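Residues per chain, in single letters:
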Amino acid sequence: SRWWRRAEAAENLGLAGATRATAPLAAALSDEVPEVRLRAAKALGLVGGRAAVLPLVNALTEPNRWSTIRIADILTGMGGEVVKELMDAFPKLNAHAKLAALDILGRIHALEAVPWLLSRLDDPESNVRARAAHALGAIGVVDAAPVLRKALTDAAWPVRAMAAKALGRVHDLEAIPALCGALRDSEWWVRANAAEALKLAG
């Protein structure tokens, strides 16, 4: 009944690498006390394995943005084993969890997610398109360049800004004329990212 005992138990199970504790730790992600939920999430990250991933992916939907960031860090630390679960769960996630999922894929350089990320550039939500462009730039796949060049003309300026940044990271020389054109964009962030991308082109 004492929350600090529950939190301590969750932490110790993680330190012990107790794989058989995955189900109870997943249940603790619904605890009424945030500290218990966070320690259970950390423990699941330490325990690892496919069974630990999906509860953490679902926990990205926490209403507290700070909790989402912490859980995203845990998932990032788990590496490639989270990729499939993130893509499969994506349609059911809420808005901020979707953005966190895209960031995770970029941070772990998930090459296998590139085709899926490219298709996110057609998402009706502009924030999703922008974060997908950012993830593609973080992964640094040159094959993404033609789609990123197209995103430079997106109606939403955050998408244009992230596309410009991504093109700089993938060193797409064919994008130079389009990036020069983006220096005249009406939004300063697009202009700044285009200038940085051109600087990286050398």
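Before any of the text, the structure's been laid out above.
Residues numbered from 1 in each chain as written. Predicted model: local features only at pLDDT ≥ 70, side-chain atom pairs only at ≥ 80, totals over all residues. Heavy atoms only, no water.

Caption draft 1: Structural context of the overall build of the protein chain. In terms of helices and strands, the protein chain carries 13 helices and zero strands. For the protein chain, the succession of helices and strands along the chain, N to C, is α-α-α-α-α-α-α-α-α-α-α-α-α. Counting only C-alpha atoms, the protein chain reaches 65 × 30 × 25 Å along its principal axes. Taking all 202 residues of the protein chain together, 49% fall into the buried category. Considering only contacts in the protein chain between residues 6 or more positions apart, those separated by 24 or more positions represent 61%. As displayed, the protein chain offers around 10200 Å² of accessible surface, 56% of which is attributable to carbon and sulfur atoms. (Helix = DSSP H or I, 4+ residues; strand = E, 2+ residues; numbered from the N terminus. Buried < 20%, exposed > 50% of the residue type's maximum accessible area, 1.4 Å probe, protein only. Contact = heavy atoms within 4.5 Å. Areas by Shrake-Rupley, 256 points an atom, 1.4 Å probe, with all protein chains shown as cover.)

Caption draft 2: View of the packing of helix α4 (residues 50–59) against helix α5 (residues 65–78). Relative orientation of the contacting elements α4 and α5 amounts to 150°, with a least axis distance of 9 Å. The pairing of α4 with α5 is recorded here as roughly antiparallel in orientation. Every pair of crossing elements has a handedness; the one defined by α4 and α5 is left-handed. Counted together, A52, V53, L56, V57 and A59 of α4 and I71, I74, L75 and M78 of α5 form the full contact between these two elements. For the contact of α4 with α5, the residue count by class is nine nonpolar, no polar and no charged. (Axes fitted to C-alpha atoms, helices over the stretch in contact; angles between N-to-C directions. Parallel < 35°, antiparallel > 145°, perpendicular 65-115°, else oblique. Left-handed = near helix turned anticlockwise from the far one by under 90°. Nonpolar A, V, L, I, M, F, W, Y, C, P; charged D, E, K, R; others polar.)

Caption draft 3: Structural detail: empty space enclosed by the protein. Counted by the stated rule, this structure contains one cavity of 30 Å³ or more. Within this model, the largest cavity holds a volume of roughly 40 Å³. Lining of the largest cavity is provided by L167, H171, D172, L173, I176, L179, A197 and A201. Elements with a minimum of two residues in the lining of the largest cavity: α12 (176–182) and α13 (188–201). For the lining of the largest cavity, a count of residues per class yields six nonpolar, one polar and one charged. (1 Å grid on protein atoms, 1.4 Å probe; cavity = no way out; pocket = protein on both sides within 12 Å on 5 of 7 lines; lining within 4 Å. Points joined across faces, edges and corners; volume = space filled by probe spheres on them.)

Caption draft 4: Fine view of the layout of surface pockets. Looking at the largest pocket, its volume works out to about 210 Å³. The wall of the largest pocket is formed by R65, T68, I69, A72, D73, H96, L99, A100, D103, R107 and R131. At the level of elements, α5 and α7 (95–107) are the ones that each hand at least two residues to the lining of the largest pocket. The residue makeup of the lining of the largest pocket, split by class, is four nonpolar, two polar and five charged. Taken as a whole, the second largest pocket encloses approximately 170 Å³ of empty space. Every residue along the wall of the second largest pocket is listed here: L29, P34, E35, R37, L38, A41, A59, E62, W66, S67, R70 and I71. When residues of the lining of the second largest pocket are traced back to their parent elements, those giving at least two are α3 (34–47) and α5. Broken down by class, the residue content of the lining of the second largest pocket amounts to seven nonpolar, one polar and four charged.

Caption draft 5: Structural detail: the pattern of salt bridges. Applying the stated criterion across every chain yields a total of eleven salt bridges. Residues K84 and D88 are paired through a salt bridge, measuring 2.6 Å at the closest nitrogen-oxygen approach. Of this pair, K84 and D88 both sit in helix α6 (residues 83–89), separated by four residues, roughly a single helical turn. A salt bridge links D103 to R131; the shortest N-O distance between them is 2.6 Å. One end of the pair, D103, is in helix α7; the other, R131, is in helix α9 (residues 126–139), and 28 residues separate them in sequence. Residue classification places R131 among the partly exposed residues on the basis of a relative accessible area of 27%. The network of salt bridges with common partners includes E11, E35 and R39. (Salt bridge = Lys/Arg side-chain N within 4 Å of Asp/Glu carboxyl O.)

Caption draft 6: Up close: the packing of aromatic side chains. If you walk through the whole model with that rule in mind, you get three aromatic pairs. When the centroid spacing of 6.0 Å and the interplanar angle of 85° are considered together, the rings of W3 and W4 count as edge-to-face. For W4, a relative accessible area of 46% translates into the label partly exposed. Between the aromatic rings of W157 and W189, the centroid separation amounts to 5.4 Å while the plane-to-plane angle is 65°, which identifies the pairing as edge-to-face. With W157 in helix α11 (residues 157–170) and W189 in helix α13, this pair connects stretches of sequence that are 32 residues apart. Relative accessible area serves as the criterion here: at 32%, W157 is assigned to the partly exposed category. Here R120 stacks its cationic end above the ring of W116, 4.5 Å away from the centre of that ring. (Phe/Tyr/Trp six-rings, centres within 6.5 Å; stacked < 30°, edge-to-face > 60°. Lys NZ or Arg CZ within 6 Å of the ring centre and 35° of its normal.)

As far as function goes, none of this settles anything; it's purely spatial.
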